[in-house]
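Breakdown of the fold
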Amino acid sequence: MSQFQLHDSQRRTTVPFVPLDPEHVRVYYCGPTVYDVPHIGNLRAMLTADILIRLLRRLYPRVTFVRNITDVDDKITARAAANGEDIGSLTARTTAEFHAGLAAMNMTPPDIEPRATHNIGEMQAMIARLIKQGHAYEAEGHVLFSVASFASYGALSGRDPDELVAGARVEVAPYKRDPGDFVLWKPSTPEMPGWVSPWGRGRPGWHIECSAMAHRYLGESFDIHGGGSDLLFPHHENERAQSLCCFPGGKFANYWLHNAMLLVEGEKMSKSLGNFYTLSDVLDKGPVEALRLLLMSAQYRSVLNFTWAGLEESRRTLDRFYRALETAGAVDVSGRGVPQAFLEALCDDLNTPKAIAEMHVLATAALAGDREAAADLKVAGGMIGLLTQEPEVWFRGGADAGGPGEAEIAALIAERLAARKAKDFARADEIRAQLTDQGVVLEDGAGGTTWRRA
RNA sequence: GGUCCGGUGGCAGAAUGGUGAUGCAGCGGACUGCAAAUCCGCGUACGUGGGUUCGAUUCCCGCCCGGACCUCCA
């Protein structure tokens, strides 16, 4: 078995991955706050999780993948109000869109997908325990976590708590004992979502939900906790503080994984700037598989610059891979192992660009007639959720493909063949040009004329 | 301002203390009535200034530039 090594954010280095229990690897990922449709930045994070889980499943007998849905949050409340929509309706709709989008992207679904609103009791129990243990305090209807009570606060994100306070630009609420203290529970006005609690009707702070759900489904210690690098501080730092203080006997996450952000045409993409692309924006311009490949074209810890030219290049790369599979014809891949060089690339901290380069090596061999290489290519692609279609479907499109129908194309090809036999090349070229204009490329091969949609 | 990450050929993007992947694009050729696809061949890179070393793109330091986080964000 290839040695899997992973970059751990806390240790700030790449280390061999050693599971707490080799028979059962446990992973927690921060999922979406469901107030809007998924955008390509969300998708990059979700895809990083997907590749991680696919690899772990290849290496270990059992993997539990937990990814939450945050369905109570002030952004949700605000959006629902802005839409004049019921909160439950908004979260149900956006959750469904999220699921549909990830399914379209061929992403591995989580084994458990807990919702914050279904775990309020777990959160309240943790908060009560933190208060009892002296790590949290009540103030003006809020419950706050006391940063000063946790000696290693800042260790995950590499921040010095004292400097944090000095440089803090946050507006410090007067009831905080320490500017770095963060909310575990906060009071709700009657029109806001709220739950009865020992501290009054209120709602949870952002960070406690993940601590509570991770504990409930994975226990006090688990293997990997992941999310976007923007979550490193304060979200993950705070989760860690809460969980370790609540359960001092556990170690919470053993490895922390953070994917880098996405740029769009060289610029930062963010909801607040409003320059983000949703999945459907992308699908208007290219096949979903091309987006999937594009998001894997940079290693997850590198900033990825999303461009339309990049999407097109990814589509052409898939053309090449599918061409290689088409050239080989039907190959038997049942029981076939994952190609070693490809697997080793993934085992090296999920080095997807290198893995894709190995697929190119296989494609080159397959194009030269090596059917074993074609089978390897198919298996490698399948492992990372690519090359799942038949080449014919990729090139010619399914029943819903636009442009001229198959019968029409066949008739034109027949007419062109007759013209060529009669040396009427003007008419033959006219037909080719006509089809090219309609997005259909003709290819004259030894076995006759074939076609594909450009 | 603080903390952290990164700067590789026209583009994307890996590895590496000593012949620098892979793909796209470009150029030349083969094949084709013309194309497409494929095949063969070619070219081009290590932000910058020092240091360590027999030798640095690779290690160390300064500088410049870009990005992330510090505030809702994947």
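Structure: see above.
Values in this document were obtained by computation on a predicted structure and should not be read as measured data.

Some details on the overall build of chain A
Scanning chain A for helices and strands turns up 16 helices and 15 strands. By principal-axis analysis of the C-alpha atoms, chain A measures approximately 90 × 55 × 35 Å. The burial tally for chain A puts 51% of its 454 residues in the buried class. Long-range pairs, those at least 24 residues apart, make up 75% of the contacts in chain A with a sequence separation of at least 6. Taking the average location of the 47 positive side-chain charges in chain A and that of its 58 negative ones, the two points are 2 Å from each other.

Observations concerning the sheet that holds strand E11 (residues 262-264)
With mixed pairing, the 3 strands of this open sheet are ordered in space as E12-E11-E13. Where the open sheet ends on each side, the last strands, each with one partner, are strand E12 (267-268) and strand E13 (304-306). Bridging between E11 and E12 involves 2 bridges; their strand directions are antiparallel. Note that in E12 the partner of Val-264 across the bridge is Glu-267.

Comments concerning the nonpolar core
General note: in soluble globular proteins, nonpolar side chains tend to be found buried as a group. The biggest cluster of nonpolar side chains holds 82 residues, and the ones touching the most others in it are Leu-56 and Leu-291. Counting residues per element, this core draws most heavily on helix H1 (residues 40-59), which supplies 12 residues. A domain-level breakdown of this core finds at least three residues from each of domain 1 (5-263) and domain 2 (307-394). Setting aside chain neighbours within four positions, we find Leu-291 in contact with Ile-40, Leu-43, Met-105, Leu-279, Val-282, Phe-306 and Leu-311. Core analysis: the next-biggest nonpolar cluster, separate from the first, contains 38 residues, Phe-182, Trp-199, Ala-212 and Ala-214 among them.

Topic: the packing of aromatic side chains
Enumeration according to the criterion identifies 12 aromatic pairs in this entry. Ring plane angle 65° and centroid distance 5.1 Å describe the contact between Tyr-277 and Trp-308, whose orientation is recorded as edge-to-face. Here Trp-308 lies in helix H10 (residues 308-328) and Tyr-277 lies in the loop between E12 and helix H8 (279-283), a separation of 31 residues in the sequence. Look at Phe-306 and Trp-308: their rings are 5.2 Å apart centre to centre, the planes differ by 80°, and that puts the pair in the edge-to-face class. With a relative accessible area of 1%, Phe-306 lands in the buried category. An aromatic cluster is present here, built from Phe-4, Phe-17, Tyr-60 and Tyr-255 joined pairwise through their rings. Against the face of Tyr-255 rests Arg-11, its NZ or CZ located 4.7 Å from the ring centre.

Observations concerning the sheet that holds strand E4 (residues 63-67)
In space, the 4 strands of this open sheet follow the order E4-E3-E9-E10, with parallel pairing throughout. Each edge of the sheet is formed by a strand with only one pairing partner; in this case those strands are E4 and strand E10 (252-259). Averaged over all pairs of adjacent strands, the angle between their axes in this sheet comes to 20°, without regard to strand direction. Here strand E9 (residues 221-228) runs beside E10; their pairing, made up of 7 bridges, is parallel. Counted as the bridge partner of Gly-227 is His-258 from E10. Sheet contacts for helix H6 (residues 208-218): strand E3 (25-29), E4, E9 and E10; angle to E3, the most-contacted strand, approximately 160°. Packed on one face of the sheet, helix H7 (residues 232-246) meets E9 and E10 and runs near 175° to E10.

Describing the pattern of salt bridges
If you walk through the whole model with that rule in mind, you get 25 salt bridges. Close ionic contact of Arg-292 with Asp-50 constitutes a salt bridge, the shortest N to O distance being 2.6 Å. Here Asp-50 lies in helix H1 and Arg-292 lies in helix H9 (residues 288-295), a separation of 242 residues in the sequence. Taking the relative accessible area as the measure of exposure, Arg-292 reaches 1% and is therefore buried. Linking Asp-376 and Arg-336 is a salt bridge whose minimum nitrogen-to-oxygen distance equals 2.8 Å. Remark: Arg-336 occurs in the loop between H10 and helix H11 (340-347) and Asp-376 occurs in helix H13 (residues 371-383); sequence separation between them is 40 residues. Residue classification places Asp-376 among the buried positions, given a relative accessible area of 18%. For Arg-336, a relative accessible area of 24% gives the class partly exposed. Within this structure, Glu-312, Arg-315, Arg-316 and Asp-319 form a network of salt bridges that share partners.

Scoring rules and cut-offs
- Residues numbered from 1 in each chain as written.
- Chains lettered and ligands numbered in written order.
- Predicted model: local features only at pLDDT ≥ 70, side-chain atom pairs only at ≥ 80, totals over all residues.
- Heavy atoms only, no water.
- Helix = DSSP H or I, 4+ residues; strand = E, 2+ residues; numbered from the N terminus.
- Buried < 20%, exposed > 50% of the residue type's maximum accessible area, 1.4 Å probe, protein only.
- Contact = heavy atoms within 4.5 Å.
- Lys, Arg positive; Asp, Glu negative; His and termini not counted.
- Charge placed at Lys NZ, Arg CZ, Asp CG, Glu CD.
- Pairing = 2+ DSSP bridges.
- Core = buried A, V, L, I, M, F, W, Y, C linked by side-chain atoms within 4.5 Å.
- Domains from an automatic or database assignment.
- Phe/Tyr/Trp six-rings, centres within 6.5 Å; stacked < 30°, edge-to-face > 60°.
- Lys NZ or Arg CZ within 6 Å of the ring centre and 35° of its normal.
- Axes fitted to C-alpha atoms, helices over the stretch in contact; angles between N-to-C directions.
- Salt bridge = Lys/Arg side-chain N within 4 Å of Asp/Glu carboxyl O.

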